[in-house]
Each structure stands twice: as C-alpha cells, then as structure tokens.
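# Observations on the three-dimensional arrangement
What follows is the residue order along each chain.
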Amino acid sequence: MSRTFTLSEAQTLLPVVEALLRKAQMAGARAGELEQEMQELSHRIFMSGGMHVNVAQAARRRAEREKALQETRDTLAEMDEIGVQVKDLEKGLLDFPSLMDGKDVLLCWKLGEKKIEYWHLPEDGFAGRKPLDSRTDKTRAEKDRPN
C-alpha cells in the first residue's frame, strides 16, 4: 500500500470523497443511459434493414456519452490520487488503506453509512468486514511510519 490513513483522517475526508463518489456515479449512470440509447438505435436500424438517422443528433449523443465517461474516469482518478480505493462504483464501496497492529488493513465505507465503522484485510474484501474496535485508535503512532 502507498498512502495510509488514520481513522480520523479518513472520517475527515469522507464528505469530500462521498461527493466525488456521487459525481462519478451520476456521470457513469448518464454514460450508461446514453450507451443504451445508442444500442437501441443500432438495433432499430438493423431490424428495419436501414432507416433515416439524424446523424448530427446521433453524433451529439455519442459525444455526450464520451464526455460522461471521461468525467467518470477523471473523478475516479481524483479519488485514486487522494489515496482512496473505489471497490464498487455502483454500490458505493470505498476503502481507505490504513495500519492496524502493524498490518496493512482497509477501513471500509459504503454509501449510505454515516461514518466509517468497518475494516477488513486486503485479501478479505467486503465480505470480510469487521466492526472497528480499540485497535484503530492506535493507528496514529503507526501513521508516522514512512510511506
């Protein structure tokens, strides 16, 4: 892991990364809608053996889709730059690399949760989430370890 967060640092960043997550979700959903629209148009053209298509409108929609995809990529890159790991964009799963008892762990948060209350080992994933306990208070001393 590169950057690590204390629980306090992760909690402080949560409103910022939640806003970024929602932005990425909205852009991704918009790109998905536009992709579906483009596929439906292609299907209608195929089923009718060809038809008159408003090429300018189709090109605008394609450009809108590309813009939404780029916004999603840029927002995810911004979160990555902060050091937050997006595990599932659709579900809103985020991990904050941290240290606990000298081991690399991930502080785990899911969209809709008020605060970070879970952690797991990197290999365990979301299914291995455990409630935070007193060990997470010790991360400050371990945070001083060079990254």
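Here we summarise the structure given alongside this text.

Reading guide: rules and limits
Residues numbered from 1 in each chain as written. Predicted model: local features only at pLDDT ≥ 70, side-chain atom pairs only at ≥ 80, totals over all residues. Heavy atoms only, no water. Patch = residues over 30% accessible without salt bridge, like charges linked within 9 Å, V, L, I, M, F, W, Y side chains within 5 Å. Areas by Shrake-Rupley, 256 points an atom, 1.4 Å probe, with all protein chains shown as cover. Salt bridge = Lys/Arg side-chain N within 4 Å of Asp/Glu carboxyl O. Lys, Arg positive; Asp, Glu negative; His and termini not counted. Charge placed at Lys NZ, Arg CZ, Asp CG, Glu CD. Helix = DSSP H or I, 4+ residues; strand = E, 2+ residues; numbered from the N terminus. Buried < 20%, exposed > 50% of the residue type's maximum accessible area, 1.4 Å probe, protein only. Pairing = 2+ DSSP bridges. Core = buried A, V, L, I, M, F, W, Y, C linked by side-chain atoms within 4.5 Å. Contact = heavy atoms within 4.5 Å. Polar contact = N/O pair within 3.5 Å; in protein donor to acceptor, adjacent residues only side chain to side chain. Phe/Tyr/Trp six-rings, centres within 6.5 Å; stacked < 30°, edge-to-face > 60°. Lys NZ or Arg CZ within 6 Å of the ring centre and 35° of its normal.

### Here we look at a negative patch on the surface
- A cluster of acidic residues, Glu71, Asp74, Glu78, Asp80 and Glu81, forms a negative patch on the protein surface.
- Assignment of secondary structure puts Glu81 in helix 2 (residues 55-82).
- Looking at Glu81, the relative accessible area reads 75%, which means it is exposed.

### Brief notes about the sheet that holds strand 1 (residues 85-88)
- Read across the open sheet, the five strands follow the order 1-2-3-4-5; overall the sheet is antiparallel. Strands with a single pairing partner mark the edges of an open sheet, and in this sheet they are strand 1 and strand 5 (130-131).

### A word on the nonpolar core
- Counting 19 residues, the largest nonpolar core has Val17, Val84, Leu94, Phe96 and Ile116 as the members making the most contacts within it.
- For this core, the elements supplying multiple residues, two or more each, are helix 1 (7-48), helix 2, strand 2 (93-100) and strand 3 (103-110).
- It is helix 1 that contributes the most residues to this core, seven residues altogether.
- When sequence neighbours within four positions are dropped, the list of residues in contact with Phe96 reads Phe5, Ala10, Leu13, Leu14, Val17, Val84, Val105, Leu106, Leu107, Trp109 and Ile116.

### Structural notes on the side chain of Thr75
- If you trace the backbone, Thr75 turns up in helix 2.
- One polar contact links the side chain of Thr75 to the main-chain carbonyl oxygen of Glu71, over a distance of 2.8 Å.
- Residues in contact with Thr75, not counting those within four places in the same chain, are Leu20, Lys23 and Ala24.

### As for the packing of aromatic side chains
- Counted under the stated rule, the structure contains one aromatic pair.
- Pairing Phe5 with Phe96 gives two aromatic rings, centres 5.6 Å apart and planes at 85°, and the pair type is edge-to-face. Taken together, the positions of Phe5 in the segment before helix 1 and Phe96 in strand 2 put the pair 91 residues apart, joining distant regions of the chain. For the pair Phe5 and Phe96, one class covers both residues: buried.
- Of note, Arg129 hangs over the ring of Tyr118, and the distance from its end group to the ring centre comes to 3.9 Å.
- The ring centre of Trp119 lies 5.0 Å from the NZ or CZ of Lys130, which sits over that ring.

### Quick look at the pattern of salt bridges
- Counted under the stated rule, the structure contains 10 salt bridges.
- Across the pair Glu66 and Arg65 runs a salt bridge whose closest N-O atoms are separated by 3.0 Å.
- Take Glu66: its relative accessible area is 35%, and that puts it in the partly exposed class.
- For Arg65, a relative accessible area of 12% translates into the label buried.
- By sharing partners, the salt bridges in this structure join Arg30, Glu33, Glu37, Arg61 and Glu64 into a single network.

### Side note on the pairing of strand 2
- Most of strand 2 sits out of view: eight of its eight residues are buried.
- Bridging between strand 1 and strand 2 involves three bridges; their strand directions are antiparallel. Opposite Gln85, over in strand 2, you have Asp95 as the bridge partner.
- Between strand 1 and the antiparallel strand that follows it, strand 2, lie four residues; Gly92 among them carries a positive phi value of about 80°.
- Two strands pair when backbone bridges link them, and strand 2 and strand 3 are joined in this way by eight bridges, in the antiparallel orientation. Bridge pairing in strand 3 links Pro97 to Leu106.
- Counting the residues between successive antiparallel strands, the hairpin from strand 2 to strand 3 contains two residues, one of them, Asp101, with a positive phi of roughly 55°.

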